[in-house]
Amino acid sequence: MASYRGTTPEIRALLEHLDAAGYAVTLAAGSAHWRIEDNRGVFRAALPLTPSSNRAGDRARATLRHAGLPVPPSKHHKPKAQRTRAAR
């Protein structure tokens, strides 16, 4: 497993999940992005090394979902079935 030093905890968790799922996660040469490739070496997505926004985790999750990669559930949001409406 690679060292994901310098990334935010939420993006680090996504990278570790992809690494465990068999995707190659490497730091792109000359860039501040993580490069994600499938087992055939085909480029699938890129995630920022040091994101500048507090929404970066949500954006990274969306990028992976659009690329068709497995995405673990977010720890910040409840699944839709578990949400409750506030009483009026």
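Residues numbered from 1 in each chain as written. Predicted model: local features only at pLDDT ≥ 70, side-chain atom pairs only at ≥ 80, totals over all residues. Heavy atoms only, no water.

1. Some thoughts on the pattern of salt bridges
Evaluated as defined, the whole model comprises five salt bridges. The shortest N-O distance in the salt bridge between arginine 40 and aspartate 38 comes to 3.1 Å. Taking the relative accessible area as the measure of exposure, arginine 40 reaches 67% and is therefore exposed. The class of aspartate 38 is buried, set by a relative accessible area of 7%. Connected via shared salt-bridge partners are Asp38, Arg40 and Arg44. (Salt bridge = Lys/Arg side-chain N within 4 Å of Asp/Glu carboxyl O. Buried < 20%, exposed > 50% of the residue type's maximum accessible area, 1.4 Å probe, protein only.)

2. Observations regarding the sheet that holds strand β2 (residues 33-37)
Here we have three strands laid out as an open sheet, ordered β1-β2-β3, and antiparallel in their pairing. In this open sheet, the two edge strands, each paired with only one partner strand, are β1 (24-27) and β3 (43-48). Going from strand to strand, the sheet's axes swing by 25° on average, the running direction of each strand aside. Pairing of β1 with β2, which is carried by four bridges, proceeds in the antiparallel orientation. Of the residues in β2, the one forming a bridge with alanine 24 is glutamate 37. On top of the sheet, helix α2 (residues 56-66) reaches β2 and β3; it is set at about 175° to β3, its chief contact. (Pairing = 2+ DSSP bridges. Helix = DSSP H or I, 4+ residues; strand = E, 2+ residues; numbered from the N terminus. Axes fitted to C-alpha atoms, helices over the stretch in contact; angles between N-to-C directions. Contact = heavy atoms within 4.5 Å.)

3. Observations regarding the packing of aromatic side chains
Overall, the coordinates contain one aromatic pair when judged by the stated rule. For the ring pair tyrosine 4 and tryptophan 34, a centre distance of 5.2 Å and an interplane angle of 75° mean the geometry is edge-to-face. Of the two residues, tyrosine 4 sits in the segment before α1 (9-20) while tryptophan 34 sits in strand β2, which places them 30 residues apart along the sequence. Judged on exposure class, the residue tyrosine 4 and its partner tryptophan 34 are both buried. (Phe/Tyr/Trp six-rings, centres within 6.5 Å; stacked < 30°, edge-to-face > 60°.)

4. Things to note about the confidence of the model for the protein
Low pLDDT marks stretches whose predicted atomic positions should not be read closely. Confidence along the protein averages 84 in pLDDT terms, with 86% of residues attaining 70 or more. Taking the mean pLDDT of every element in the protein, the minimum, 89, falls on α2 and the maximum, 93, on β2. (pLDDT = per-residue confidence, 0-100.)

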